[in-house]
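Secondary and tertiary structure notes
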Amino acid sequence: MGPSHPPFRFTKSRRLVRGIHRWVTAAAGALALTGGLVAAGPQASAAGLTQITAFGSNPGNLSMYTYAPDALTDGAPLVVVLHGCTQSASDYYAHSGWPTFADRYGFALVFPQTSSANNANSCFNWFEPGDSKRDRGEALSINQMIDKAVAQYGSDTRRVYITGLSAGAGMTANMLAAYPDVFAGGAIDSGLPAFCANSVSAAYTCMYSPPDKSPAQWGDLVRAAAPAGTASWPRVAIWQGTADTTVKPANAAELRDQWTNVWGLGQTPTRTENLSGGTTLSIYDDAAGRPAVEVYSISGMAHGLAVDPGSGPEQCGSTGTYYLDTICSSYHTARFWGLDGDGPSTGSLPAPTGLKVTGTTDTTAALSWNAVDGASSYTVYRGGTKVATTTSTTATDTGLATGTAYSYTVAAVDAAGAAGAVSAAVTATTTGFTPTCHTASNYDHVAAGRAYQNGGYTYANGSQQSMGLWNAFTTHTLKQTGPGYYVVADFGCSV
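As a starting point, this report considers the structure included with it.

Basis of the calculations
- Residues numbered from 1 in each chain as written.
- Predicted model: local features only at pLDDT ≥ 70, side-chain atom pairs only at ≥ 80, totals over all residues.
- Heavy atoms only, no water.
- Helix = DSSP H or I, 4+ residues; strand = E, 2+ residues; numbered from the N terminus.
- Buried < 20%, exposed > 50% of the residue type's maximum accessible area, 1.4 Å probe, protein only.
- Contact = heavy atoms within 4.5 Å.
- Pairing = 2+ DSSP bridges.
- Axes fitted to C-alpha atoms, helices over the stretch in contact; angles between N-to-C directions.
- Expected span 1.5 Å × (residues − 1).
- Salt bridge = Lys/Arg side-chain N within 4 Å of Asp/Glu carboxyl O.
- Disulfide = S-S within 2.5 Å.

**Section: the overall build of the protein**
Tallying secondary structure elements over the protein gives 11 helices and 26 strands in all. Of all 495 residues assigned to the protein, the portion counted as buried reaches 53%. Taking as baseline every contact in the protein between residues at least 6 positions apart, the subset at least 24 positions apart corresponds to 65%.

Following this line, the structure appears as structure tokens:
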């Protein structure tokens, strides 16, 4: 995947790739997969970029380029920037606008670069487990670059961020999931949910028709990729054009579901704002009232990175192939991360660890967690909404619906009444579920969240039973036998 080119990697699966290449050429001729389009992007050579050749074992066979302002001070932030397919470090350096804000706000930049030796289209291999999981392949190479840059520039390890476009955005999402202990924030530009795909064929499904997983299912992919016991998560910005035909806009909704769930939040924004360039910003605050997830939807924008050439304080970048004149995404992302010195702080107290569900009934959920030094009390949040304050390390939430899943987080509160970082989320499901029957078209089942579609076919949520074509003409009866679990019951459904 990448700005408009598929995620081919010529490895031992070359025959499979060629077959999918032919299928895409026939089914989506607009991709125009010609020999000229799959050449590697130009090598990084723009003035100001420095190549670093010794940064570790480099198992992913990547190149490392950096940029740092002349007056960079010790303890400054560090931003990692991943290009899209057929692009390069110098291309992204020249067009994205990131050097402007590195100079203005004082931080260093790392530009990893892949090549046609890794992928025929010079895409980062976000869909390959051997390249995108923690401490493997390209992902490990990128992390080694971060270690090198931190040592070279004296960067603050608490303020390391990552962003990327298209295939670079897919890798960004995976890096945020696999290394939440490394990154304070990320920005996914025209990208996909973390670990949406683990093969070439699955990559196309994610690009054109992303799986309609529940927020918890998407969140579980992040939690499974992260180190055990992870209690805090990066703040994530999601950028998406509504006219993108390469990475369909549905990916932004799935990304929102994934990262709000990881943060223990609901999917209804705390507030929305209208920005320039036809951009709608939806903000999802954490339990302490700080933006944790932001979604930028740009009306009418196709596939690419949003830039806004000009000399104004909120403008940046230059137009080019997959650099689209709408709004300066780099400016808004830098502000979201707090690189301008006016962003959200992380709070004075650390996130409580060990949050777990100790019991449920039809209407209650009991929780416990580990004590935090310096905490005078704790605040418990259900779906991001405060539901209890306690001086102990246990709490019981009451008045819940039967057979329903609830997401909980907890934060420590200091003597001045300030809440610290929010814990990792846990899910409690109350007992006493009552089965229900639903008869509808496959289209309506998907719309109601009882089923999902993949490749034009419909499958029941939970049981994964095939229901045939995704359309308004095929009708089935589904029986819900548990939270999020449905079975086909066309020959009789009783409750």
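**Overview of the sheet that holds strand 13 (residues 356-360)**
Spatially, 13-14-17 is the arrangement adopted by the three strands of the open sheet, whose pairing is antiparallel. Unpaired on one side and paired on the other, strand 13 and strand 17 (394-397) mark the two borders of the sheet. Taken pair by pair, the neighbouring strands of this sheet meet at an average axis angle of 25 degrees, ignoring direction. Two elements, strand 13 and strand 14 (residues 365-368), share four bridges in a ladder whose sense is antiparallel. Note on strand 14: the bridge partner recorded for Lys356 is Ser368.

**Topic: helix 5 (residues 137-153)**
With 17 residues, helix 5 ought to run about 24 Å at 1.5 Å a step, and its terminal C-alpha atoms sit 25 Å apart, in line with that. Within helix 5, 13 of the 17 residues are buried, which leaves it mostly tucked inside the rest of the structure.

**Describing the pairing of strand 17**
Only one face of strand 17 is covered, namely the face carrying Ala395 and Asp397; the face carrying Thr394 and Thr396 is uncovered. Note: strand 14 against strand 17, four bridges, orientation antiparallel. The residue bridging Ser368 from the neighbouring strand is Thr394, located in strand 17.

**A few points about the sheet that holds strand 25 (residues 475-482)**
Strands in a sheet are paired, the pairing made by backbone hydrogen bonds, and the direction either parallel or antiparallel. Ordered by their spatial adjacency, three strands build an open sheet running 21-25-26, and the pairing between neighbours is antiparallel. What marks the edges here is a single partner per strand, and that holds for strand 21 (436-441) and strand 26 (485-488). Mean inter-strand twist for the sheet, computed between neighbouring axes without regard to direction, equals 35 degrees. As paired elements, strand 25 and strand 26 share four bridges and run antiparallel to each other. Looking at the pairing, Gln480 lines up with Tyr486 of strand 26.

**Considerations on the pattern of salt bridges**
Pairing is possible between side chains of opposite charge, provided their charged atoms come close. Tallying each qualifying case throughout the model produces nine salt bridges. With a shortest N-O distance of 3.2 Å, Asp156 and Arg158 are connected by a salt bridge. With relative accessibility at 13%, the residue Asp156 sits in the buried group. Of the charged contacts in the structure, one is a salt bridge between Asp286 and Arg290, with a shortest N-O distance of 3.7 Å.

**Regarding the state of the cysteines**
Counted under the stated rule, the structure contains four disulfides. Disulfide pairing is shown between Cys196 and Cys206; the S-S distance is 2.1 Å. Of note, the bridge from Cys196 to Cys206 carries an S-S torsion of about -105 degrees and is left-handed in sense. Of the two residues, Cys196 sits in the loop between strand 6 (185-189) and helix 7 (200-208) while Cys206 sits in helix 7, which places them 10 residues apart along the sequence. With respect to class, Cys196 is no different from Cys206; both count as buried. Between Cys437 and Cys493 runs a disulfide, and the two sulfur atoms are separated by 1.9 Å. The sign of the -90 degrees torsion about the S-S bond sets the Cys437-Cys493 disulfide as left-handed. One end of the pair, Cys437, is in strand 21; the other, Cys493, is in the segment after strand 26, and 56 residues separate them in sequence. Each disulfide in the protein links cysteines that, numbered along the sequence, combine into the pattern 1-2, 3-4, 5-6, 7-8.

**Observations regarding the pairing of strand 9 (residues 279-285)**
When you tally the buried positions in strand 9, you get six out of seven residues, the bulk of the element. The pairing of strand 8 (residues 271-275) with strand 9 spans five bridges and is antiparallel. The partner of Thr272 across the bridge, within strand 9, is Ser282. The hairpin turn running from strand 8 into strand 9, its antiparallel successor, is three residues long, and Gly277 in that turn takes a positive phi close to 70 degrees.

Spatial relationships are all this shows, so hold off on functional conclusions.
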